[in-house]
Amino acid sequence: MTDTPLDFGDPADLDRLRRDFRAWLAEHPLPERRLDEPLPVFLHRWHRQLHSGGWVGLDVPERYGGRGLSALHQVAISDELGACHAPGIPRIGYLAHALLEFADEDQRRRWLPRMLAGDDVWCQGFSEPGAGSDLAGMSTLATRHDGHYSVRGQKLWTSYAQYSGLCLLLARTDRGAPAHRSITAFALPLDRPGVTVRPLRAMNGDDEFCELFLDDVRIEESERIGAEGDGWPLAMTTVSYERNALDTGHISKYGLLVERLRRVARDRRGELPDGLLCEIGRCFVDYEVLVAHARRRTAERLGGQAAGPESSIDKLLMTRTEQRLYETALKVFPEELHEEGGELFGDYLYSRAASVYGGTSQIQRNIIAKRVLHLPSLSKPPNPGAT
Ligand SMILES: Cc1cc2nc3c(=O)[nH]c(=O)nc-3n(C[C@H](O)[C@H](O)[C@H](O)COP(=O)(O)OP(=O)(O)OC[C@H]3O[C@@H](n4cnc5c(N)ncnc54)[C@H](O)[C@@H]3O)c2cc1C
């Protein structure tokens, strides 16, 4: 019944879910964004609307406010949203996975239902001025006292911290231990004394990024997620879900643009330079590879496999597809380059960040080399005893 890219020849219940969602969407269309409304505020209203219909956290267990369905059900809803040009499901899946895996039962019950409902908005406090790619080099320090911690340091590039109530914060708890065993994760309420959030304006005019200054901020032991030293595996779990093609729901949106380009290539064949036709062809190939890969990854997730380091492949394919696609689209539709506030131009600008956020493309290649392919490190001299 559907021609969206991640249609798996759906089993009956999934087909029903897609139908139910379309019917709900027809009755609860995307709200209008008010002229002066910041994007995150608008997206938050959309989040709440989706949640009120039961369309957020489909793969989260019911006892934590989800619907206890499979990853495939969540993929199907993302797919439907992209295909009708609506903003995707709220980007909280990767944070929810981190809590599901590392938080204790009390914390999951306390935080997850509110996160899914949009009652608490979370941000991600990982990067620092001196620690982005080299996250293990972070210097924010949490010093333990009797029953609480005192945190000092600075975070950077924290998306939408000014609209958030809680921050998934990483800090070092043991200066002596090796980097990967000395980082601890916390849920920091951003209204705590000692927290300063300062927004930074990006080149596209958005105030997405923030600096976060932490000046002897008190964090309770009950706000620590996992044990001391669990911060590194928690961070790796978080980013592997963040990089996962399935949690973003962008693929159907790319599909609409690929289709638009394909139509133009057909209808204006004699007019467009050969080079541009070739680029459209490449967009199509990138997109097809991404879809095939996303289908395989969905099947793996359904088989119980965690997102893992293979998500770096998802991230690279998404980045390549997205950047080439918007670059080509602006050459084919140059008039939209000058359209103030135009969606295509906005998407083009944001696509430039795809090779940086969630870990840069160079870092994804390093991860694939080391953790997926297990290639030997170039920096080590060859073992003379090896044959
Ligand atoms: C839109 C956007 C949203 C973001 N949101 C958040 C957020 O909410 N929370 C958060 O914590 N962070 C966030 N970030 C930060 C992001 O995670 C970092 O920018 C990213 O990890 C890179 O770190 P950096 O900027 O410090 O660059 P650096 O690490 O300084 O890298 C600079 C350059 O050196 C290259 N490089 C570095 N090390 C290596 C290496 N070992 N091998 C090869 N090349 C290398 C990099 O690829 C890059 O090209 C966001 C970034 C963007 C663009």
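Only a predicted model underlies this, so the values are computations on that prediction, with no experimental measurement involved. (Residues numbered from 1 in each chain as written. Predicted model: local features only at pLDDT ≥ 70, side-chain atom pairs only at ≥ 80, totals over all residues. Heavy atoms only, no water.)

1. So, the pattern of salt bridges
In a structure, side chains of opposite charge can pair up when their charged atoms sit close to one another.
Part 1 of the argument: With the rule as written, the count across this model stands at 33 salt bridges.
Part 2 of the argument: Across the salt bridge formed by arginine 260 and glutamate 336, the nearest N and O atoms sit 2.5 Å from each other. With arginine 260 in helix H7 (residues 251-267) and glutamate 336 in the loop between helix H9 (311-332) and helix H10 (343-351), the pair connects residues that are 76 residues apart, well separated along the chain.
Part 3 of the argument: You can call arginine 260 partly exposed: its relative accessible area is 28%.
Part 4 of the argument: In this structure, the salt-bridge partner of glutamate 271 is arginine 268, at a minimum N-O distance of 3.2 Å.
Part 5 of the argument: Take glutamate 271: its relative accessible area is 59%, and that puts it in the exposed class.
Part 6 of the argument: Salt bridges linked by common partners bring Arg18, Arg22, Asp79 and Glu80 together as one network. (Salt bridge = Lys/Arg side-chain N within 4 Å of Asp/Glu carboxyl O. Helix = DSSP H or I, 4+ residues; strand = E, 2+ residues; numbered from the N terminus. Buried < 20%, exposed > 50% of the residue type's maximum accessible area, 1.4 Å probe, protein only.)

2. A short note on the UniProt feature "domain: Acyl-CoA oxidase/dehydrogenase middle" (unreviewed entry) in the chain
Part 1 of the argument: Sites flagged by UniProt as "domain: Acyl-CoA oxidase/dehydrogenase middle" (unreviewed entry) map to residues 123-217.
Part 2 of the argument: For residues 123-217, helix accounts for 0% and strand for 46%, while the C-alpha atoms at its two ends are 17 Å apart. (UniProt positions renumbered as here; feature names shortened; annotations may be inferred.)

3. A word on the side chain of serine 312
Part 1 of the argument: Here serine 312 is to be found in helix H9.
Part 2 of the argument: Judged by relative accessible area, serine 312 falls into the buried class, the value being 1%.
Part 3 of the argument: Apart from the residues lying within four places of it in its own chain, the contact partners of serine 312 are Arg243, Gln364, Ile367 and Ile368. (Contact = heavy atoms within 4.5 Å.)

4. Structural notes on the site of the ligand
Part 1 of the argument: Close to the ligand lie 17 residues, the nearest being Gln124, Ser127, Ser133, Trp157 and Thr360.
Part 2 of the argument: Glutamine 124 is positioned with one of its backbone polar atoms (N or O) 2.7 Å from a nitrogen atom of the ligand.
Part 3 of the argument: Here an oxygen atom of the ligand and a backbone polar atom of phenylalanine 126 are 3.0 Å apart.
Part 4 of the argument: Across the complex, the protein chains shield 65% of the 980 Å² of accessible surface that the ligand would expose by itself.
Part 5 of the argument: In terms of residue count, the dominant contributor to the shell around the ligand is helix H11 (residues 361-372) (three residues).
Part 6 of the argument: Residues from two domains meet in the shell around the ligand; each of domain 2 (122-228) and domain 3 (243-372) gives at least three. (Near = heavy atom within 4 Å. Polar contact = N/O pair within 3.5 Å; in protein donor to acceptor, adjacent residues only side chain to side chain. Areas by Shrake-Rupley, 256 points an atom, 1.4 Å probe, with all protein chains shown as cover. Domains from an automatic or database assignment.)

5. A few points about the UniProt feature "domain: Acyl-CoA dehydrogenase/oxidase N-terminal" (unreviewed entry) in the chain
Part 1 of the argument: Listed under "domain: Acyl-CoA dehydrogenase/oxidase N-terminal" (unreviewed entry) in the UniProt record, and renumbered for this structure, are residues 14-119.
Part 2 of the argument: Along residues 14-119 the backbone is 60% helical and 0% strand, and the end-to-end C-alpha distance reaches 28 Å.

6. Some points on the packing of aromatic side chains
Part 1 of the argument: For the coordinates displayed, the defined rule picks out nine aromatic pairs.
Part 2 of the argument: Between phenylalanine 21 and tryptophan 24, the aromatic rings sit 6.0 Å apart at their centres with planes inclined by 15°, giving stacked as the arrangement. With phenylalanine 21 and tryptophan 24 both in helix H1 (residues 12-27) and three residues apart, the pair spans about one turn of that helix.
Part 3 of the argument: We classify phenylalanine 21 as buried; its relative accessible area is 0%. (Phe/Tyr/Trp six-rings, centres within 6.5 Å; stacked < 30°, edge-to-face > 60°.)

7. A short note on the domain arrangement of the chain
Part 1 of the argument: According to the domain assignment, the chain consists of domain 1 (12-90), domain 2 (122-228) and domain 3 (243-372).
Part 2 of the argument: Computed over C-alpha atoms, the centres of domain 1 and domain 2 are 30 Å apart.

8. Brief notes about the environment of alanine 76
Part 1 of the argument: Here alanine 76 is to be found in helix H3 (residues 71-83).
Part 2 of the argument: In sequence terms alanine 76 and aspartate 15 are 61 residues apart; their C-alpha atoms lie 9.1 Å from each other.
Part 3 of the argument: With residues up to four places along the chain from it excluded, the contact list for alanine 76 reads Leu14 and Arg18.

9. A word on the state of the cysteines
Part 1 of the argument: Inspection of every chain in the model, using the stated rule, returns zero disulfides.
Part 2 of the argument: Here cysteine 210 is not cross-linked by a disulfide; its sulfur's nearest cysteine counterpart is in cysteine 123, at 7.7 Å.
Part 3 of the argument: Judged by its relative accessible area of 0%, cysteine 210 falls in the buried class.
Part 4 of the argument: No disulfide involves cysteine 283; its nearest neighbouring cysteine sulfur is the one of cysteine 278, lying 11 Å away.
Part 5 of the argument: Residue class for cysteine 283 comes out buried when judged on its relative accessible area of 2%. (Disulfide = S-S within 2.5 Å.)

10. Notes on the pairing of strand S1 (residues 122-125)
Part 1 of the argument: Alternating residues of S1 divide into Trp122 and Gln124 and Cys123 and Gly125, and every residue in both groups is buried.
Part 2 of the argument: Where S1 lies against strand S4 (residues 166-172), four bridges are found, and the strand directions are parallel. From the neighbouring strand, tryptophan 122 faces S4, where its bridge partner is leucine 166. (Pairing = 2+ DSSP bridges.)

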